[in-house]
Amino acid sequence: MHSPTIQSRRLWLTRLKNISVLLAATWFSPLTVFAKKEDADKAIQAITGGAKITQGRVTLVIPPLVENGNLVVLKVSVRSPMTANDYVKAIHVIAEGNPLPNIFTAYLSPRSGTANITTRVRLADSQRVWAIAQMNNGSFWQGSAETLVTLAACTEVV
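Procedures and definitions
Residues numbered from 1 in each chain as written. Predicted model: local features only at pLDDT ≥ 70, side-chain atom pairs only at ≥ 80, totals over all residues. Heavy atoms only, no water. Core = buried A, V, L, I, M, F, W, Y, C linked by side-chain atoms within 4.5 Å. Buried < 20%, exposed > 50% of the residue type's maximum accessible area, 1.4 Å probe, protein only. Helix = DSSP H or I, 4+ residues; strand = E, 2+ residues; numbered from the N terminus. Contact = heavy atoms within 4.5 Å. pLDDT = per-residue confidence, 0-100. Pairing = 2+ DSSP bridges. Axes fitted to C-alpha atoms, helices over the stretch in contact; angles between N-to-C directions.

### Points about the nonpolar core
- Ranked by internal contacts, the top residues of the largest apolar core, which has 28 residues, are Leu 60, Leu 74, Val 76, Val 78, Val 88, Ile 91 and Val 129.
- Elements supplying a minimum of two residues to this core: strand 2 (58–61), strand 4 (72–78), strand 5 (88–95), strand 6 (102–107), strand 7 (116–121), strand 8 (127–135) and strand 9 (140–149).
- With sequence-adjacent residues up to four places away left out, Val 129 is seen in contact with Leu 60, Ile 62, Leu 74, Val 93, Ile 94, Ala 95, Ile 103, Leu 123, Gly 143, Ser 144 and Ala 145.
- Counting eight residues, the second-largest nonpolar core is a separate cluster that includes Ile 44, Ile 47, Trp 130 and Ile 132.

The structure is reproduced here in structure tokens:
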């Protein structure tokens, strides 16, 4: 039989362990690692360096309802003649609900012919996604779309 001191110490250690596990689960929960609107705004600010972003010229197409966030078809097109004097230098895609807001950047040149990209991305949750076109003259144009994801990607099952 154990003394009361040893039993109370074991009880105290068991409770401390349970609290530690609960705190760790909360701290490392997938819900706490998703980017927020502010993170997306900071990513956009880093891309543009504070330059003005104009609405238009950029069309972003994502299905409005996605059953599975692991493979979401994303299409971006930018109205541009893609000539040596007027072309899209880069297309940046930003999401406010993924663990990292920068989904990808595609670099283009006049030799690309068109400024159209079709790919598949992972989306962690229902969210707004932005496509920002960086033009060769230093201007920035944007388009956005919202999607509802019923089965999120970018998460771990605990």
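And the narrative resumes.
### With respect to the side chain of Gln 142
- On the secondary structure map, Gln 142 appears in strand 9.
- Non-local contacts of Gln 142, meaning those with residues more than four positions away in its chain, are made with Ile 53, Thr 54, Gln 55, Gly 56, Val 58, Trp 130, Ala 131 and Ile 132.

### Concerning the confidence of the model for the protein
- For the protein, the average pLDDT comes to 85, and 82% of its residues sit at 70 or higher.
- No element of the protein has a lower mean pLDDT than helix 2 (residues 30–33), which averages 49, and none a higher one than strand 2, which averages 97.

### Brief notes about the sheet that holds strand 4
- Strands sit in the order 2-4-7 across an open sheet of three strands; the sheet is antiparallel. The open sheet is flanked by strand 2 and strand 7, the only strands paired with a single partner. Between one strand axis and the next, the sheet turns through 15° on average, direction left out of account.
- As judged from the six bridges shared by strand 4 and strand 7, these two strands associate in the antiparallel manner. Across the sheet, the residue bridging to Leu 74 is Thr 119, located in strand 7.

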